[in-house]
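What follows is the residue order along each chain.
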Amino acid sequence: MREVDVTRARGAAMRRIHVGNALSAFGLGFTVPYLYVYVAQVRGLGAMTAGSVLAVFAVAALIVLPFAGRAIVRRGPLPVLLAALVTAAVGAMSLGLAGSAATVLMSAALLGAGQAVMQPALATMIVDCSTAETRSRAFATQFFLQNLGLGVGGLIGGHLVDATRVSSFTLLFAIEAAMFLLLVVVMATVRMPRAPRLGDAPTQSARGSWKQLLGNRAMVQLCVLGFVMFFACYGQFESGLSAYGVEAAGISTSALGTALAANTAVIVVAQFAVLRFVERRKRSRVIAAVGLIWAVAWLVAGYAGLGHGSQEMATAAFVSTYALFGLGEALLSPTVAPLVADLAPTGMAGQYNSAFALVKQLALAVGPAVGGPMGAALHGPYIVTFLLFSLGITVLALRLGRLLGVAQDQPSAVGSRVVSRGGVSAEPVSAEA
């Protein structure tokens, strides 16, 4: 009976967490597509300040994430999430009212820090409320709702915004702030199951958590793999790949919007269709397959910009590129995040989630800086470079598979032997340096 009550409590908490994910993505969707236009044109602060805002988001994330992991481990994910939500709400509202470069940058720092901390906090809450058998589906649902929320929020925001009226943008940021505060109310009602904290683990786990993480060869390898994935795909969506499409393939802005919509549509449609396939396969093999899919996507992009077909064919190929990236993302969402959790020792899931989020933010900061200029001017080298990065994902994933235990690489093969708090019953092969 006690086990039934725990299962029900986890289910109730998970439902609220998923609602929270959807609300946060919905709020972000209102402002993310229009941030550059708002700062550069509506506020009249210029392209330099607008670019600096995007950089501030990345820098703020890189500063706070190392501390966020430790706070999640010590205090639990829920208090950290609530603090991050309030910080993001203040940043969003301040950004909507800011009229000078200094206030815009300060507001962006608050918003960026809050957003960055939300990711590992929510991920750790999902780990705490799931088991090895349900974790992949839980992260797949999270990714599905995030994309759906971003898409719906962006669609509604597009109908509310007017580039000639500052007040319309202030309204968008106010809605974003309200979503964060509404999420505070929703999350405050969550009754989290008791999960191990760092203080509950053996003494050796409490000393030098970062040193311990860096000593886990499988986790370090996964972080390297994660950097390459985010650098070669996510870091190119709104920078290098879009610049390449416009400059090399002659893609119109409306067609670019169609490509982004195709990416989201494939994720929404394919997410649960591929889940059963993913759950029965080795995670390392799934990630390796994604590298091959993305390699094909870059070849299709190469045809769009470097081929000699019609403009219609080039546009169709470019839209297909984004759709193929979406298929890869749908395969990764129930694979990578659960793997991070299963690599974490007891009580350390928050630290591991934050470390992986840090790697992601670093890749998203470096990716546009490298890919943007290449995509705009060096069309051939750009395609070849990121084609090789995609093939590198396959190689790194297969190498990672050699470091993983069966419980980590294919939990379905061992069932209940994987403990619910992110540890495993058997240590990974060669996990420690």
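Parameters at a glance
Residues numbered from 1 in each chain as written. Predicted model: local features only at pLDDT ≥ 70, side-chain atom pairs only at ≥ 80, totals over all residues. Heavy atoms only, no water. Helix = DSSP H or I, 4+ residues; strand = E, 2+ residues; numbered from the N terminus. Buried < 20%, exposed > 50% of the residue type's maximum accessible area, 1.4 Å probe, protein only. Polar contact = N/O pair within 3.5 Å; in protein donor to acceptor, adjacent residues only side chain to side chain. Contact = heavy atoms within 4.5 Å. pLDDT = per-residue confidence, 0-100. Salt bridge = Lys/Arg side-chain N within 4 Å of Asp/Glu carboxyl O. Phe/Tyr/Trp six-rings, centres within 6.5 Å; stacked < 30°, edge-to-face > 60°. Patch = residues over 30% accessible without salt bridge, like charges linked within 9 Å, V, L, I, M, F, W, Y side chains within 5 Å. Areas by Shrake-Rupley, 256 points an atom, 1.4 Å probe, with all protein chains shown as cover. Lys, Arg positive; Asp, Glu negative; His and termini not counted. Charge placed at Lys NZ, Arg CZ, Asp CG, Glu CD.

1. Section: the side chain of Asn353
Next up, step 1: With respect to the helices and strands, the residue Asn353 is situated in helix H16 (residues 349-377).
Next up, step 2: With relative accessibility at 8%, the residue Asn353 sits in the buried group.
Next up, step 3: A polar side-chain atom of Asn353 sits 2.9 Å from a polar atom in the side chain of Thr124.
Next up, step 4: Apart from the residues within four sequence positions on either side, Asn353 is in contact with Pro120, Ala123, Thr124, Val127 and Val340.

2. Here we look at the confidence of the model for the protein chain
Next up, step 1: For the protein chain, per-residue confidence averages 81 on the pLDDT scale, and residues scoring 70 or more make up 88% of the total.
Next up, step 2: Across the protein chain, element-level confidence peaks in helix H17 (residues 379-401) with a mean pLDDT of 92 and bottoms out in helix H8 (residues 203-206) with 44.
Next up, step 3: In the model, residues 198-207 has pLDDT below 50 throughout and makes 15 contacts with residues more than four positions away in sequence or in other chains.

3. Quick look at the pattern of salt bridges
Next up, step 1: This structure, assessed with the given rule, holds 2 salt bridges.
Next up, step 2: Linking Arg135 and Asp342 is a salt bridge whose minimum nitrogen-to-oxygen distance equals 2.6 Å. On the criterion of sequence distance, the pair formed by Arg135 in helix H6 (residues 135-160) and Asp342 in helix H15 (residues 336-343) is long-range, its members being 207 residues apart. Residue Arg135 shares its accessibility class with Asp342, and that shared class is buried.
Next up, step 3: Note that Asp342 and Arg283 form a salt bridge whose closest N and O atoms lie 2.9 Å from each other. You can see Asp342 sitting in helix H15 and its partner Arg283 sitting in helix H13 (residues 283-306), a full 59 residues away along the chain. The pair Asp342 / Arg283 is uniform in exposure class, with both members buried.
Next up, step 4: One continuous salt-bridge network, built from bridges that share partners, spans Arg135, Arg283 and Asp342.

4. Let's talk about the packing of aromatic side chains
Next up, step 1: Under the definition given, this model contains 17 aromatic pairs.
Next up, step 2: Their ring planes at 40° and their centres at 5.0 Å tell us that Phe230 and Tyr234 sit as a pair that is tilted.
Next up, step 3: Phe230 gets classed as buried once you look at its relative accessible area, which sits at 11%.
Next up, step 4: Using a relative accessible area of 22% as the deciding quantity, one classes Tyr234 as partly exposed.

5. Overview of a positive patch on the surface
Next up, step 1: Taken together, the side chains of Arg137, Arg276, Arg280 and Arg281 define a basic patch exposed on the protein surface.
Next up, step 2: Structurally, Arg137 is set in helix H6.
Next up, step 3: Of the residues examined, Arg137 reaches a relative accessible area of 38% and is grouped as partly exposed.

6. Some details on the environment of Gly76
Next up, step 1: On the secondary structure map, Gly76 appears in the loop between helix H3 (46-75) and helix H4 (77-97).
Next up, step 2: Gly76 gets classed as buried once you look at its relative accessible area, which sits at 2%.
Next up, step 3: Put simply, Gly76 and Ala121 are 45 residues apart on the chain and 8.4 Å apart in space, counted from C-alpha to C-alpha.

7. Some details on the environment of Met313
Next up, step 1: Along the chain, Met313 falls in helix H14 (residues 311-332).
Next up, step 2: C-alpha of Met313 to C-alpha of Tyr303: the two residues are 10 residues apart in sequence and 9.1 Å apart in space.

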